[in-house]
Amino acid sequence: MAAPRLPPPSFAPPPSVRPRALAQLSASSSTAAIKSTRIKREVVAVTTPPAPAARATSLSEAWREIQGEGDWVGMVEPLSPLLRDEIVRYGELVAACYRGFDLDPASARYLNCMYGKRSLLREVGLPESGYVVTRYVYATPAATGCSRWIGYVAVASDQAVRRLGRRDVLVCFRGTVTHAEWLANLMSALESARLDPTEPRPEVRVESGFLSLYTSDESGSRFNGGSCREQLLAEVSRLMGEYKEEEEVSVTLAGHSMGSALAVLLGYDLVELGLNRRAGEQVPVTVYSYGGPRVGNAGFRRRCEELGLKVLRVANANDPVTKLPGMFLNEGSASKLPWGAGAGAYYTHFGVEVALDFFDVWNYPMCVHDMEAYLNLLKCPQLTMEKKKMKKKKVVQVNNPWSDDGVHGVMEVFTTMARRFLEEPRLDLILWRWLDAAMQVSEFEAHAYACSDIWSGILRLLWSTAL
């Protein structure tokens, strides 16, 4: 039985065809009409865009996209639920470093992890994380020469591989906790990284305190074997060589605050030395940075981008740590200076930013940088949307206090902040919280008095500016 003949498909001319051309086509003879139909079909073939590929909905299918293969285009604004879940998951694994860190001076494990490698994730509330901790990592601040626990290396279990879509090698770092680490953060001079002995690349410069923490060694430590860098390169290389070459592998580096700087340095080190090459292919290396500072200069940024290092920066707009170092001389302000600034002379962020916005005046400055506060906001995306709506409804908009709009914009914002600050009825309580936070950074009483003098001078400056 012959199939019924279908009528010819109707054709709606695309808007790109000019009206004048349409009039000429409609006035043509029947012979020309046949020709015009063919022309119209050719136009459709050229102008109709291909149907967009459906975005993968499971992590096992979309893991390369989640790890930054496409630079997270279309996934950050608005934040993709799948990406948000991964940011929270890696954030919880970073928070495990804080939950397991022993700060009790009377403990035998003081400045080390309270738990063994096998029990760490279970003890801190992540028994179903899907990772197996393979090594603890220790770092040595130059100010003390004494190593302390800074994080861990883990690898996805066989069961987790099916869900993740690949074997994930994970390195997690905690942020600043001890006084010596605070001193490392304050060493804001740029220094050539020179991590590849065959090509020193002096134009690639990073913050000297972070570099020192990454490369310093305490040879007499009973815990670590070599510097933080030596431990990490050895363990990551071992894990990457342990699995079959046909198995999909990724390297994920995650850290908070100072830990995010170490994660960026390790990521650069791996791709610069080519340790992420496997069976002729490059294993993706991705950094998840939470409240991280700037790490290096423009030369460092360019080199990381050339090598394909992917960085996803989760940053609170009110977190001062994300503006340091280089609060006033950075990637945004340097180009606006009348005398200019060399690419090696200023700090710069790089990567893709996931912007958050949370602030609690009564717990400032601790709340805006706290890892748990970051996670709590990420777990409540509706709260984030409500905050954005409230900011849009404001009649007078105040930009980010640490934006890169130049000196004029900074002074204007400081003026607005000063008026609000000085009109606050509980000003004495806010000042005491600031002083208390400053006193916790150092054990010396003289430092507290110095902070008091500094704050007095800042308040006088703010008062004169507000007037």
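Up top is the structure these notes are about.
Model, not experiment: these values are computed from the prediction. (Residues numbered from 1 in each chain as written. Predicted model: local features only at pLDDT ≥ 70, side-chain atom pairs only at ≥ 80, totals over all residues. Heavy atoms only, no water.)

### Considering the overall build of the protein
Okay, so step 1: Each helix and strand in the protein was counted, giving 16 helices and 13 strands.
Okay, so step 2: Taken over 467 residues, the protein has a buried fraction of 45%.
Okay, so step 3: Look at the contacts in the protein between residues 6 or more apart in sequence, and 67% of them connect residues 24 or more apart.
Okay, so step 4: If you sum the accessible surface of the protein, you get close to 24,700 Å²; carbon and sulfur atoms cover 57% of it. (Helix = DSSP H or I, 4+ residues; strand = E, 2+ residues; numbered from the N terminus. Buried < 20%, exposed > 50% of the residue type's maximum accessible area, 1.4 Å probe, protein only. Contact = heavy atoms within 4.5 Å. Areas by Shrake-Rupley, 256 points an atom, 1.4 Å probe, with all protein chains shown as cover.)

### Thoughts on the packing of helix α4 (residues 81–99) against helix α12 (residues 371–379)
Okay, so step 1: With their axes 10 Å apart at the nearest point, α4 and α12 run at an angle of 155° to one another. In terms of their interaxial angle, α4 and α12 are classed as roughly antiparallel. The hand of the α4/α12 crossing is left-handed. Residues Arg84, Ile87, Val88, Gly91, Glu92, Val94, Ala95, Tyr98 and Arg99 of α4 touch α12, and the partners they reach there are Met371, Glu372, Leu375, Leu378 and Lys379.
Okay, so step 2: Counted by class, the contact of α4 with α12 contains eight nonpolar, one polar and five charged residues. (Axes fitted to C-alpha atoms, helices over the stretch in contact; angles between N-to-C directions. Parallel < 35°, antiparallel > 145°, perpendicular 65-115°, else oblique. Left-handed = near helix turned anticlockwise from the far one by under 90°. Nonpolar A, V, L, I, M, F, W, Y, C, P; charged D, E, K, R; others polar.)

### A closer look at the packing of helix α10 (residues 258–273) against helix α11 (residues 298–307)
Okay, so step 1: Between α10 and α11, the shortest axis-to-axis distance is 10 Å and the interhelical angle comes to 55°. Taken together, α10 and α11 sit at an angle that is classed as oblique. The way α10 lies across α11 gives a crossing that is left-handed. Where α10 abuts α11, its residues Val264, Tyr268, Val271 and Glu272 lie against Phe300, Arg303, Cys304 and Leu307.
Okay, so step 2: Of the residues belonging to the contact of α10 with α11, the class tally is six nonpolar, no polar and two charged.

### Remarks on the sheet that holds strand β1 (residues 131–139)
Okay, so step 1: Read across the sheet, seven strands follow the order β1-β2-β3-β6-β9-β11-β13 without closing on themselves; strand pairing throughout is mixed. The open sheet has two edge strands, β1 and β13 (352–356), and neither has a second partner. Sheet twist, expressed as the mean angle between neighbouring strand axes with direction ignored, is 15°.
Okay, so step 2: Pairing analysis gives eight bridges linking β1 to strand β2 (residues 148–156), with the strands arranged antiparallel. When the bridges of β2 are listed, Val137 appears paired with Gly151. (Pairing = 2+ DSSP bridges.)

### Focus on the environment of Leu375
Okay, so step 1: In this fold, Leu375 is placed in helix α12.
Okay, so step 2: Judged by its relative accessible area of 0%, Leu375 falls in the buried class.
Okay, so step 3: Contacts of Leu375, omitting those with residues within four sequence positions, involve Val88, Gly91, Glu92 and Ala95.

### A closer look at the environment of Glu86
Okay, so step 1: Topologically, Glu86 is positioned in helix α4.
Okay, so step 2: Between the C-alpha atom of Glu86 and that of Leu59, which follows or precedes it by 27 residues, the distance is 8.9 Å.
Okay, so step 3: Among the polar contacts made by the side chain of Glu86, one reaches the side chain of Arg89 at a distance of 2.7 Å. (Polar contact = N/O pair within 3.5 Å; in protein donor to acceptor, adjacent residues only side chain to side chain.)

### Notes on the pairing of strand β11 (residues 310–316)
Okay, so step 1: Extensive coverage of β11 is indicated by the burial of seven of its seven residues.
Okay, so step 2: Of the two faces of β11, both are covered, the one formed by Lys310, Leu312, Val314 and Asn316 as well as the one formed by Val311, Arg313 and Ala315.
Okay, so step 3: Taken together, the five bridges between strand β9 (residues 285–290) and β11 define a ladder with parallel strand orientation. Paired with Val287 across the strands is Val311, a residue of β11.
Okay, so step 4: Across five bridges, the pairing between β11 and β13 is parallel. Following the sheet pairing, Ala315 is matched in β13 by Ala355.

### Focus on unusual backbone geometry
Okay, so step 1: Here the bond from Glu77 into Pro78 is cis, since omega is 5°, no more than 30 degrees from zero.
Okay, so step 2: One can find Pro78 in the loop between α3 (59–66) and α4.
Okay, so step 3: Phi angles above zero are rare outside glycine, and Trp72 is one such case at about 55°.
Okay, so step 4: Mapped onto the elements, Trp72 comes out in the loop between α3 and α4.
Okay, so step 5: Its identity as a non-glycine residue notwithstanding, Arg201 has a phi of 50°, on the positive side.
Okay, so step 6: Assignment of secondary structure puts Arg201 in the loop between β4 (190–192) and β5 (205–207).

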